[in-house]
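# What the coordinates show
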Amino acid sequence: MTTAQSITLASRPTGSPVPENFALVDRVMPDPGAGEFLVRVIWLSLDPYMRGRMDDAKSYAEPVAIGGVMEGGAVGEVIVSNHAGFDAGDIVTAQFGWTTHAISDGEGVRKVNPDVAPISTALGALGMPGITAWVGLNEIAAAQAGETIVVSAATGAVGGMVGQLAKAKGMRVIGVAGGAEKCAFAEAELGYDICLDHRAMDAKELAAALKAAAPDGVDVYFENVGGKTLEAVLTRMNTGGRIAVCGAISWYSGQGIAEAQPLPAVWRNILTRRLRVQGFIIFDHFHLMGQFQKEVGPLVGNGTIKVKESVTDGLENAPAAFIELLKGGNFGKQLVRVGDDP
């Protein structure tokens, strides 16, 4: 018998989440049954989509139940196995949740090769954020060499990968990020041609800065945030441009919606510029994981693709880290170190 600690949803937030929406609980894990295995979680991923799981609203996935373990991707080590496909000592990744231990029947579980890259990258550059960037850039936006792309949340887990992959394709890459430090990192380390600090500008100033950065217009916009960044980019999109809608973090907690650009103005820009705007959920594209891993894995392993991680120690500190993530307080991929590396 194993005692696990888990973070559960204590109550549903109104607006931005607060610590009281979460609870740290102990629970006794049963022994794994036939065809099951027990995982010791090492790394937990924190991602903006988790805010939507806290609401009891219809979406593309079921919400977390009150008292249920918060959903989340994790990397862990198999410590007991009654499953023919997994052995004790295997490093695996799946949606194990905000917990120190989990039992799995193997469905949706992927083995991680620690010889390719650090195992934490299975939650970032070589995990869901990485394939999200790769699919959004190539499959959704059909980005091409010589085009200009704008990437919002440019140093985040997804945005940082988009920028680097776009630069490798031969595109002009413009980032938008929050803070001078993040913008300097985007230009010096991730290869962005220029990065604009949205925190230092109001909506009109951001639009003017984007016009100067992209005098020939924007062909592709990788959308992660919404808000004033979206408004600025829409006015610079070239005819026939493409927008890959990955997220809208600035609106996730209901803030800024009342001040957002009216729909008729957005609709008119889409119409007159003949834009193709497509939202996508990465779970619909996981069949491409093998192709993505084959192409991008070596680039992460040899350092061609830079990895930036923001690490919080201790499962009990996950709620505070998540709250800061939604405010843009992380720098790179937000992880929680739950256990020791093997």
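A short tour of the structure in this document, coming up.

Cut-off values and rules
- Residues numbered from 1 in each chain as written.
- Predicted model: local features only at pLDDT ≥ 70, side-chain atom pairs only at ≥ 80, totals over all residues.
- Heavy atoms only, no water.
- Helix = DSSP H or I, 4+ residues; strand = E, 2+ residues; numbered from the N terminus.
- Rg over C-alpha atoms; globule rule 2.2 N^0.38 Å.
- Buried < 20%, exposed > 50% of the residue type's maximum accessible area, 1.4 Å probe, protein only.
- Contact = heavy atoms within 4.5 Å.
- Areas by Shrake-Rupley, 256 points an atom, 1.4 Å probe, with all protein chains shown as cover.
- Phe/Tyr/Trp six-rings, centres within 6.5 Å; stacked < 30°, edge-to-face > 60°.
- Lys NZ or Arg CZ within 6 Å of the ring centre and 35° of its normal.
- Polar contact = N/O pair within 3.5 Å; in protein donor to acceptor, adjacent residues only side chain to side chain.
- Pairing = 2+ DSSP bridges.
- Axes fitted to C-alpha atoms, helices over the stretch in contact; angles between N-to-C directions.

Helix and strand content of the chain: 9 helices and 15 strands. Against the 2.2 N^0.38 benchmark of 20 Å for 342 residues, the chain shows a C-alpha radius of gyration of 20 Å, consistent with a compact globule. Overall, the C-alpha framework of the chain stretches about 65 × 45 × 35 Å when taken along its three principal axes. By the burial criterion, 51% of the 342 residues in the chain qualify as buried. By sequence separation, contacts in the chain at least 24 residues apart represent 67% of the contacts at least 6 residues apart. Accessible surface, the chain as shown: approximately 14900 Å² in total, 53% of it carbon and sulfur.

This part is about the packing of aromatic side chains. A full pass over the atoms with the stated rule returns 8 aromatic pairs. With a centroid separation of 5.7 Å and 75° between ring planes, the pair formed by Trp-98 and Phe-322 is classed as edge-to-face. You can see Trp-98 sitting in the loop between strand S5 (91-94) and strand S6 (101-104) and its partner Phe-322 sitting in helix H9 (residues 318-326), a full 224 residues away along the chain. By relative accessible area, Phe-322 is classed as buried at 0%. Here Phe-222 and Phe-280 contribute two aromatic rings whose centre-to-centre distance is 6.3 Å and whose plane-to-plane angle is 80°, an arrangement assigned as edge-to-face. On the criterion of sequence distance, the pair formed by Phe-222 in strand S11 (residues 218-223) and Phe-280 in the loop between strand S13 (276-279) and helix H8 (289-301) is long-range, its members being 58 residues apart. Relative accessible area serves as the criterion here: at 1%, Phe-222 is assigned to the buried category. Aromatic ring contacts, followed pair by pair, group Phe-22, Trp-98 and Phe-322 into a single cluster. Across the ring face of Phe-185, the terminal group of Lys-308 is positioned such that the distance to the ring centre comes to 5.6 Å. Seen from the ring of Phe-331, Lys-308 lies directly overhead, with NZ or CZ sitting 4.6 Å from the centre.

Turning our attention to the side chain of Thr-100. You can see Thr-100 is positioned in the loop between S5 and S6. Side-chain polar atoms of Thr-100 contact the side chain of His-101, separated by 2.9 Å. Excluding residues that lie within four positions of it along the chain, Thr-100 makes contacts with Ala-4, Gln-5, Val-39, Arg-40, Val-41, Leu-315 and Val-338.

All right, on to the sheet that holds strand S8 (residues 148-152) then. The strand order across the open sheet formed by 6 strands is S10-S9-S8-S11-S12-S13, and the pairing between neighbours is parallel. With one partner strand each, in any of the chains shown, strand S10 (194-197) and S13 form the two edges of the open sheet. Strand-to-strand, the axes of this sheet are offset by a mean angle of 15°, without reference to chain direction. Pairing of S8 with strand S9 (residues 172-177) involves 5 bridges; the strand directions are parallel. Note that in S9 the partner of Ile-149 across the bridge is Val-173. Relative to the sheet, helix H2 (residues 128-140) contacts S8, S11, strand S12 (237-245) and S13, its axis offset from that of S11 by approximately 145°. Along the sheet, helix H6 (residues 227-234) makes contact with S8, S9, S11 and S12, crossing S11 at roughly 165°.

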